[in-house]
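# A structural walkthrough
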Amino acid sequence: MKILICGSRCLEVKDYSFIKGILTDIISKEQYDTATPNKNLEIVSGNANRGADHLGENFARQNKLALKLFPADWNDLTPPSIISLQY
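Right, let's walk through the structure included here. (Residues numbered from 1 in each chain as written. Predicted model: local features only at pLDDT ≥ 70, side-chain atom pairs only at ≥ 80, totals over all residues. Heavy atoms only, no water.)

### Examining the sheet that holds strand 3 (residues 66-69)
With parallel pairing, the three strands of this open sheet are ordered in space as 1-2-3. Bordering the open sheet on either side are strand 1 (2-5) and strand 3, each of which pairs with just one other strand. Neighbour-to-neighbour, the strand axes of this sheet turn through a mean angle of 25 degrees, independent of strand direction. Of the strand pairs in this sheet, strand 2 (residues 42-45) and strand 3 are connected by four bridges, and their pairing is parallel. Paired with Val 44 across the bridge in strand 3 is Lys 68. Sheet strands in contact with helix 2 (residues 51-62) are strand 1, strand 2 and strand 3, and its direction is about 150 degrees off that of strand 3. (Pairing = 2+ DSSP bridges. Helix = DSSP H or I, 4+ residues; strand = E, 2+ residues; numbered from the N terminus. Axes fitted to C-alpha atoms, helices over the stretch in contact; angles between N-to-C directions. Contact = heavy atoms within 4.5 Å.)

Here it is as structure tokens:
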């Protein structure tokens with residue numbers, strides 16, 4: 001199972017206990033329903049240096065879960081990138 005952790009650029013999540021509680025609930029339910037060990041879980045993150053992404057990555061590392069990072073490359077605007085300017 002893959003769990004995506006992504007936050008907003010407008011709202012910075014700082015409450016690690018909230019993220020930890022949500023992830024623990026999701027993982028516990030998945031393991032109860034399918035008897036899947038932790039090694040089959042993967043946390044997917046945008047690799048931000050703060051907020052929900054960062055807290056989710058910390059949770060994955062602390063619990064020795066697989067972690068796949070997708071850092072933003074704001075300088076790569078090759079297609080299929082879409083640029084939208086809204087005022």
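So much for the structure itself; the text now carries on.
### Some details on helix 2
With twelve residues, helix 2 ought to run about 16 Å at 1.5 Å a step, and its terminal C-alpha atoms sit 17 Å apart, in line with that. Listed as buried for helix 2 are Gly 51, Ala 52, Asp 53, Leu 55, Gly 56, Glu 57, Phe 59 and Ala 60. Where helix 2 ends, the next residue or the one after it, Lys 64, has phi of about 55 degrees, a positive value. (Expected span 1.5 Å × (residues − 1). Buried < 20%, exposed > 50% of the residue type's maximum accessible area, 1.4 Å probe, protein only.)

### Side note on the pairing of strand 1
Burial along strand 1 is one-sided: the residues Ile 3 and Ile 5 are buried and none of Lys 2 and Leu 4 is. Summarising the sheet, strand 1 and strand 2 pair through four bridges and their orientation is parallel. Across the sheet, the residue bridging to Ile 3 is Ile 43, located in strand 2.

### What about the side chain of Glu 57?
Its place among the elements puts Glu 57 in helix 2. Within polar-contact distance, the side chain of Glu 57 engages the side chain of Ser 45 at 2.6 Å. Among residues more than four places away in sequence, those in contact with Glu 57 are Ser 45, Asn 47, Ala 48, Leu 67 and Leu 69. (Polar contact = N/O pair within 3.5 Å; in protein donor to acceptor, adjacent residues only side chain to side chain.)

### Here's the deal with the nonpolar core
In terms of nonpolar packing, the biggest core is built from twelve residues, these being Ile 3, Ile 5, Ile 19, Leu 23, Ile 27, Leu 41, Ile 43, Ala 52, Leu 55, Phe 59, Ala 60 and Leu 65. Mapped by element, the contributors of at least two residues to this core are strand 1, helix 1 (16-34) and helix 2. The greatest single-element share of this core, amounting to four residues, is contributed by helix 2. Excluding residues within four positions of it along the chain, Leu 55 makes contact with Val 13, Lys 14, Asp 15, Tyr 16 and Ile 19. (Core = buried A, V, L, I, M, F, W, Y, C linked by side-chain atoms within 4.5 Å.)

### Regarding the pattern of salt bridges
Per the stated rule, a full pass over the model turns up three salt bridges. Of the charged contacts in the structure, one is a salt bridge between Lys 2 and Glu 42, with a shortest N-O distance of 2.7 Å. Of this pair, Lys 2 sits in strand 1 while Glu 42 sits in strand 2, placing them 40 residues apart in sequence. For Lys 2, a relative accessible area of 62% gives the class exposed. Arg 50 is the partner of Glu 12 in a salt bridge, and the nearest nitrogen-oxygen pair spans 3.1 Å. Note that Glu 12 is positioned in the loop between strand 1 and helix 1 and Arg 50 in the loop between strand 2 and helix 2, a separation of 38 residues in sequence. On the basis of relative accessible area, Glu 12 is assigned to the partly exposed category, the value being 36%. (Salt bridge = Lys/Arg side-chain N within 4 Å of Asp/Glu carboxyl O.)

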